[in-house]
Amino acid sequence: MTTPAAGAAGSADMPDYAPIPRSALGPALNDQGYYVGRVERNLYWVTDGVYQSAFLATRDGVVLFDAPPSIGGNLRRAVDEIAAAFPVQQLTALAGPSGAGRPPWSWTASSRPPGRCSAGRRDNARTSVASGGRMYCVAARSAGTPIVIIGGGVAGGNAAAALREEGFPGPVVLITREPGFPFGRPPLSKTYLRSEEDVSAWYVRPAGWYDDHDVELRSGPSVMAIDPAAHTVTLDSGEELGYQKVLIATGGRNRRLRLPGAGLPGIHYLRTVAECNAIKREAAPGRRAVVVGMGFIGCEVAASLTQLGVQVTAAFPGQAPLERVLGGQVGALIGAIHRASGVELLPGDQVTAFEGTERLEAVVTAAGHRIACDFAVAGVGIEPDVPPVAVAQDNGILADELCRASAPDVYVAGDVANHLHPLFGRIRVEHFNNAEKQGAAAARSMLGSTAPYDYVHSFWSDQYEHKIEYVGHATSWDDFVVRGSVAEGKLLGFYLVDGVVRAAVGFDRGGDPELDLDGEMAACSRLVSARARPATAELADEHTDLWSLARR
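Cut-off values and rules
- Residues numbered from 1 in each chain as written.
- Predicted model: local features only at pLDDT ≥ 70, side-chain atom pairs only at ≥ 80, totals over all residues.
- Heavy atoms only, no water.
- Helix = DSSP H or I, 4+ residues; strand = E, 2+ residues; numbered from the N terminus.
- Contact = heavy atoms within 4.5 Å.
- Areas by Shrake-Rupley, 256 points an atom, 1.4 Å probe, with all protein chains shown as cover.
- Pairing = 2+ DSSP bridges.
- Axes fitted to C-alpha atoms, helices over the stretch in contact; angles between N-to-C directions.
- pLDDT = per-residue confidence, 0-100.
- Buried < 20%, exposed > 50% of the residue type's maximum accessible area, 1.4 Å probe, protein only.
- Parallel < 35°, antiparallel > 145°, perpendicular 65-115°, else oblique.
- Left-handed = near helix turned anticlockwise from the far one by under 90°.
- Nonpolar A, V, L, I, M, F, W, Y, C, P; charged D, E, K, R; others polar.
- Right-handed = clockwise from strand over helix to strand, strands pointing away.
- Salt bridge = Lys/Arg side-chain N within 4 Å of Asp/Glu carboxyl O.
- Phe/Tyr/Trp six-rings, centres within 6.5 Å; stacked < 30°, edge-to-face > 60°.
- Lys NZ or Arg CZ within 6 Å of the ring centre and 35° of its normal.
- Polar contact = N/O pair within 3.5 Å; in protein donor to acceptor, adjacent residues only side chain to side chain.
- Expected span 1.5 Å × (residues − 1).

## Comments concerning the overall build of the protein chain
Inference 1: Counting its regular elements, the protein chain contains 11 helices and 30 strands.
Inference 2: For the protein chain, the proportion of contacts with a sequence separation of at least 24, taken over those separated by at least 6, is 62%.
Inference 3: Within the structure as shown, the protein chain displays about 22,500 Å² of accessible surface, and the carbon and sulfur contribution to it stands at 50%.

Next up, the structure:
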């Protein structure tokens, strides 16, 4: 904990805030005693050198969050200047929960900062200043029974970060089978596969953060059992670790093909860095590959291999890539792009066997094709990776709206969670954005938050030079409305159920729904969250402002 500088806001009965390192301030503090810096797009931060805040500039005004308990002096002047610089409609001081060690009031967030950042695809400008919570500095190794996080992916890493950012002072143990630090997997099918960036660009927090914030990161062990009654976790070494609360964020594991020859060398799956490295060693110009399945992983791998000069043939059920998720019209557009890039598509066909003597030599399909190849990549989905634990399960671990499993003090987040969503009902989502945000939400729930996890889901896919953005959740729909042109390959598409907008897709149009806050896809997210029922003619009409439909 830090002591406020002379004249800075704070008192003995109010929690202190960790100072920003002077090296992170950029230019010297101005003559008014504060500095305003930009994190990304609409997200900014302000500091007086000891205390800091962050704010989000939106079309509706400025939303301020993560301010010190008493906003006065230099920060007060900063906020006044911010208010003068943006079209502010309101800056509202909301009552915060009172209690031991809590201020009697605080500025609280009406909007969380954008959460998905990465090099290339997103501006990789992560900073704890923009985390939206109070960063607690751990002066010495904390004592007591830990909060245990099982799973070192995006959900687990963000949960650990959120615990510290929300002020949890006790021990935190993060257990992961994979080596290295928690990171996001999207580049494994794209930029890392093409050797354009390293996975370190996708670390949830920098490598040194875990030691700096007293998070014990255990890489390598497997969890053999979780006993909710005894509040213990048993590792494969036989060690038994007690917990006060446990978060299961173990993600998913690849579905494996159970076909003749499926064990031959040269058949690959993609989930880990090691698996991606094995594919990278195969992917040389002029080599031949078969991609099995054309969901998001299959499509992205097919695109990346093609960009590396590999000759790709893809076999998949259905009539078009991603048809089940995005529908026939968008799927046909994606298929046309792959064909134009040189991928041979075999729609409506399934692989029935792999052939070879010492390693893979050919793939055989149900339609009678025998495709000679040097290697294959199977992208046929994942299944929840559930450790042995006595909790309710159905396509993953059942979680309520607060990310709680059926056993006391057991929480769940990410791909393994079958979550009761306030808007979409019970769903299990396998995308980066959900893991990132649900991990943090589960951490807040473990600390006593009663806010339901109601994130309006979004995800993206990059294939060649094309961008696909999606908001909402719809596994089926009875109407699909297009704004723009499928033929020209630039459109918004709306998925409606009984007239309600349940999801939307942007193909090379609409912007990022979480970073381009004035964009069309951000408006689509608002339509979904509002359960809007616009007339289909208005959705399709280019002259009708989507924001006006969202505000009705």
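## Focus on the sheet that holds strand β14 (residues 288-292)
Inference 1: Sheet architecture is open: five strands sit in the order β13-β20-β14-β15-β16, paired in parallel fashion. The open sheet has two free edges, formed respectively by β13 (267-268) and β16 (344-347), since each of these has just one partner strand.
Inference 2: One ladder, built from five bridges, connects β14 with strand β15 (residues 311-316); its direction is parallel. Considered in β15, the bridge of V290 is made with T313.
Inference 3: The sheet contacts of helix α5 (residues 296-307) involve β14, β15 and β20 (375-378), and relative to β14 the element is tilted by about 170°.

## A look at the environment of P228
Inference 1: Locating P228 in the fold gives a position in the loop between β8 (223-227) and β9 (232-235).
Inference 2: In the structure, P228 is positioned 162 residues away from A390 in sequence and 7.3 Å away in space, judged by C-alpha atoms.
Inference 3: When neighbours within four sequence positions are excluded, P228 is seen to be in contact with Y243, V389, A390, A407 and V410.

## So, the confidence of the model for the protein chain
Inference 1: The pLDDT averaged across the protein chain works out to 82; a share of 74% of its residues lies at or above 70.
Inference 2: Note that residues 1-30 has pLDDT below 50 and, in this model, 58 contacts with residues that lie over four places away or in other chains.
Inference 3: Within the model, pLDDT remains below 50 along residues 87-140, and this stretch shows 146 contacts once partners closer than five positions in the same chain are excluded.

## Considering the pairing of β20
Inference 1: The alternating pattern of β20 places F375 and V377 on one face and A376 and A378 on the opposite face, and all of these are buried.
Inference 2: Of the pairings in the sheet, the one linking β13 to β20 comprises two bridges and is parallel in character. Looking at β20, one finds that H268 is bridged to V377.

## Describing the packing of helix α2 (residues 154-165) against helix α8 (residues 432-446)
Inference 1: Packing of α2 against α8 leaves a shortest axis separation of 7 Å and a crossing angle of 40°. Relative to α8, α2 is oriented oblique. The handedness of the crossing between α2 and α8 is right-handed. Counting all contacts with α2, which are made through V154, A155, N158, A159, A162 and L163, the residues of α8 involved are F432, A435, E436, G439, A440, A443 and M446.
Inference 2: When its residues are assigned to classes, the contact of α2 with α8 shows 10 nonpolar, two polar and one charged.

## Side note on the pairing of β14
Inference 1: In terms of burial, β14 is largely enclosed, as four of its five residues are buried.
Inference 2: Crossover connection from β14 via α5 to parallel β15: handedness right-handed.
Inference 3: As paired strands, β14 and β20 are joined by four bridges and run parallel to one another. When the sheet's bridge partners are listed, A289 is paired in β20 with F375.

## With respect to the pattern of salt bridges
Inference 1: The tally for this structure, following the rule as stated, stands at 22 salt bridges.
Inference 2: Here E275 and R256 are joined by a salt bridge, their closest N and O atoms 3.6 Å apart. With E275 in helix α4 (residues 273-282) and R256 in the loop between β12 (252-254) and β13, the pair connects residues that are 19 residues apart, well separated along the chain.
Inference 3: Of the charged contacts in the structure, one is a salt bridge between E430 and R428, with a shortest N-O distance of 2.8 Å.
Inference 4: A relative accessible area of 36% places E430 in the partly exposed class.
Inference 5: One salt-bridge network, held together by shared partners, links R177, R253, E383 and D385.

## Regarding the packing of aromatic side chains
Inference 1: For the coordinates displayed, the defined rule picks out 12 aromatic pairs.
Inference 2: Between Y470 and Y495 the ring centres are 6.0 Å apart and the planes differ by 45°, which places this aromatic pair in the tilted class. In this pair, Y470 sits in strand β27 (residues 466-472) while Y495 sits in strand β29 (residues 490-497), placing the two residues 25 residues apart along the sequence. Both residues of the pair, Y470 and Y495, belong to the buried class.
Inference 3: Members of the aromatic cluster, each reached through a chain of ring pairs, are F296, F459, Y470, W477, F480 and Y495.
Inference 4: The side chain of R256 reaches across the aromatic face of Y269, ending 4.1 Å from its centre.
Inference 5: Positioned above the aromatic ring of Y192, the side-chain terminus of K280 is 3.9 Å from the ring centre.

## Notes on the sheet that holds strand β19 (residues 370-372)
Inference 1: Overall, antiparallel pairing links the three strands, which are arranged β17-β18-β19 in an open sheet. Strands with a single pairing partner mark the edges of an open sheet, and in this sheet they are β17 (351-355) and β19. When strand polarity is set aside, the average angle formed by the axes of neighbouring strands in this sheet is 20°.
Inference 2: Summarising the sheet, β17 and strand β18 (residues 362-365) pair through four bridges and their orientation is antiparallel. Counterpart to E355 in the pairing with β18 is A362.

## Observations regarding the environment of V391
Inference 1: By the secondary structure assignment, V391 is in the loop between β21 (382-384) and β22 (397-399).
Inference 2: With 17 residues separating them along the chain, V391 and P408 place their C-alpha atoms 9.6 Å apart.
Inference 3: Setting aside its immediate chain neighbours within four residues, V391 contacts I397, A405, S406, A407 and V410.

## What to know about the side chain of N158
Inference 1: For N158, the location among the structural elements is in helix α2.
Inference 2: A residue is classified by how much of its surface remains accessible, and N158, at 9% relative accessible area, is buried.
Inference 3: Reaching out from N158, the side chain makes a polar contact with the backbone oxygen of V154 at a distance of 2.9 Å.
Inference 4: Every residue in contact with N158, bar those within four places of it in the chain, is listed here: V204, E436, G439 and A440.

## Let's talk about α2
Inference 1: Taking 1.5 Å of rise per residue, the 12 residues of α2 would be expected to cover 16 Å, and the 16 Å separating its terminal C-alpha atoms lies within 8% of that figure.
Inference 2: Most of α2 sits out of view: 12 of its 12 residues are buried.
Inference 3: Elements that come into contact with the buried residues of α2 comprise β5 (147-150), β6 (172-176), α3 (209-212), β7 (215-219), β11 (245-248) and α8.
Inference 4: G167 occupies a position one or two residues after α2 and carries a positive phi of about 95°.

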